[in-house]
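Residues per chain are reported as follows:
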Amino acid sequence: MDKLLHFAVGLAVGMAFWGLLERYTRSAARTLNPIAFLIMVVWGASGLFFFRKLGVPILSHTYFYMAFPDWDIPLYQATRLPFLVHRSWLFHSVLIPMGLLGIWLWLSQQSPTTNFQRGMVNLLRDSAIGLSVGISAHLLWDALLSSTRRGFYIAGFGSSLSLLWLLANLVIGIGIPLLIAKQFRSFEPSSQP
């Protein structure tokens, strides 16, 4: 049931984000790959859990099944690294999609020369934006659900710092992709070698 609620919140936040694109940056809505965006929103919010029910072998793996912010659970079990306990600052944040957007920005400035290279760079951008929105939805639902129980805590943070962390990540996780979408034209690599 929890995965379905994360899924529903992820779809709602993803649709609201797409609605903002349609309303304020129509060219970004036409440029962004909707399939990559949707897959990454769902993966970030709830995981691709329905593939396990359908019996799709590769997509039934733990890392596809789980929401991206919950990857700290199997990673901690495998490594026992203390910073990977559940609700770690690394995975319950938008740091990883922001890092991917940084890599995209660097790659886009390298002026990819072939259509395939440009397509892959744009796919990285679209996937990172979708993942950022999906993680934001996951964090939002975790905070709403936790506030009705025991409060929202990031591992090692107190209540106030956890809420500040959540708020900062929600603003960054939605705001930065919107700012990037507004600037799509200026980031497009030139088609000349």
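The model shown is predicted, which means the values in this text are computed figures rather than measured ones. (Residues numbered from 1 in each chain as written. Predicted model: local features only at pLDDT ≥ 70, side-chain atom pairs only at ≥ 80, totals over all residues. Heavy atoms only, no water.)

Participant: Whenever I open this one, unusual backbone geometry confuses me. Can you help?
Facilitator: Excluding glycine, a negative phi dihedral is what most residues carry, and trans is how most peptide bonds are arranged. For arginine 80, which is not a glycine, the phi torsion comes out positive at approximately 60°. Mapped onto the elements of the fold, arginine 80 is located in the loop between helix H6 (72–79) and helix H7 (95–109). For arginine 80, a relative accessible area of 54% gives the class exposed. You will see that arginine 87, though not glycine, has its phi angle at about 60°, which is positive. (Helix = DSSP H or I, 4+ residues; strand = E, 2+ residues; numbered from the N terminus. Buried < 20%, exposed > 50% of the residue type's maximum accessible area, 1.4 Å probe, protein only.)

Participant: Looking at this structure, I do not really get the packing of aromatic side chains. What am I missing?
Facilitator: The description of an aromatic ring pair rests on the distance of the ring centres and on the angle between the ring planes. A complete count under the given rule lists seven aromatic pairs for this structure. Aromatic ring contacts, followed pair by pair, group Trp43, Phe68, Trp71 and Phe91 into a single cluster. (Phe/Tyr/Trp six-rings, centres within 6.5 Å; stacked < 30°, edge-to-face > 60°.)

Participant: How should the packing of helix H1 (residues 2–24) against helix H3 (residues 34–45) be read in this particular structure?
Facilitator: To characterise two packed helices, one gives the angle between the axes of the helices and the distance between these axes. At their nearest, the axes of H1 and H3 sit 8 Å apart, and the two run at 140° to each other. It follows that H1 is oblique to H3 by the angle criterion. For the pair H1 and H3, the crossing hand works out as right-handed. Residues His6, Phe7, Gly10, Leu11, Gly14, Phe17 and Trp18 of H1 pack against Pro34, Phe37, Leu38, Val41, Val42 and Ala45 of H3. Partitioning the contact of H1 with H3 into residue classes produces ten nonpolar, three polar and no charged. (Axes fitted to C-alpha atoms, helices over the stretch in contact; angles between N-to-C directions. Parallel < 35°, antiparallel > 145°, perpendicular 65-115°, else oblique. Left-handed = near helix turned anticlockwise from the far one by under 90°. Contact = heavy atoms within 4.5 Å. Nonpolar A, V, L, I, M, F, W, Y, C, P; charged D, E, K, R; others polar.)

Participant: Looking at this structure, I do not really get the pattern of salt bridges. What am I missing?
Facilitator: Between side chains of opposite charge, pairing is possible as soon as their charged atoms come close. Taken as a whole, this structure holds three salt bridges when the rule is applied. Put simply, arginine 26 and glutamate 22 hold a salt bridge, and the shortest N to O gap is 3.6 Å. Look at arginine 26 and you get partly exposed, because its relative accessible area is 47%. Taking the relative accessible area as the measure of exposure, glutamate 22 reaches 30% and is therefore partly exposed. Aspartate 126 serves as the salt-bridge partner of arginine 125, at 2.8 Å between the closest nitrogen and oxygen. (Salt bridge = Lys/Arg side-chain N within 4 Å of Asp/Glu carboxyl O.)

Such coordinate-based values are descriptive only and should not be taken to indicate function.
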